[in-house]
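Architecture and fold: a report
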Amino acid sequence: MKLLESFDVSSNHLSGELPMSLSGLTFLSSFNVSFNNLTGRIPSSTQLQSFNESSFFGNKLCGVPLTILCGEVVRNRDSQEGDTSHGVDFGLIISVLLGFFAGFWSIVIPLNVGTIWISLSKLRYMLGC
């Protein structure tokens, strides 16, 4: 089996982990285990890690060449416990709104008050008071 050149067991409903003995295959020119129910780490070997990521699609595998590295916690949104944020940070929204309104009115009120005082002083001048 060490001289195997092609290995394609895609879409066969296989389950379990990839055997470590696959790392001993050194003559593989094509490899495809996509769309099964395989789990766990892809065995470390330069041969298996040189294949395209599409050779492993449709499984719950991790490690090179996949973008999901082993040891990373992949959290499913439905199974998160204790997470009450629901994707929206209300504290941030409230802080931004309060900052906007405080900043807005700290500029608008002095401008309006200044304009009113200027208008009143012009009126007093015109009336001669």
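Before going into details, it helps to say that this report is about the structure given with it.

Thresholds applied
Residues numbered from 1 in each chain as written. Predicted model: local features only at pLDDT ≥ 70, side-chain atom pairs only at ≥ 80, totals over all residues. Heavy atoms only, no water. Pairing = 2+ DSSP bridges. Helix = DSSP H or I, 4+ residues; strand = E, 2+ residues; numbered from the N terminus. Axes fitted to C-alpha atoms, helices over the stretch in contact; angles between N-to-C directions. Buried < 20%, exposed > 50% of the residue type's maximum accessible area, 1.4 Å probe, protein only. Contact = heavy atoms within 4.5 Å. Disulfide = S-S within 2.5 Å.

Paired through backbone hydrogen bonds, the strands of a sheet run either parallel or antiparallel to each other. One open sheet holds the three strands; their spatial order is 2-4-5, and the pairing between them is parallel. The open sheet is flanked by strand 2 (15–17) and strand 5 (60–62), the only strands paired with a single partner. Within the sheet, the average angular offset between the axes of one strand and its neighbour, ignoring direction, is 20 degrees. Pairing of strand 2 with strand 4 (residues 37–41), which is carried by three bridges, proceeds in the parallel orientation. Of the residues in strand 4, the one forming a bridge with Gly16 is Leu38.

So, on to the side chain of Ser34. Looking at where Ser34 falls in the secondary structure, it is placed in the loop between strand 3 (30–32) and strand 4. Judged by its relative accessible area of 5%, Ser34 falls in the buried class. Excluding anything up to four places from it in sequence, Ser34 contacts Ser10, Ser11, Ser54, Ser55, Phe56, Phe57 and Asn59.

What follows covers the state of the cysteines. Inspection of every chain in the model, using the stated rule, returns one disulfide. The disulfide partner of Cys62 is Cys70, and the S-S distance across this bridge is 2.0 Å. Judged by the torsion about the S-S bond (95 degrees), the Cys62/Cys70 disulfide is right-handed. When its relative accessible area of 16% is taken as the criterion, Cys62 is described as buried.

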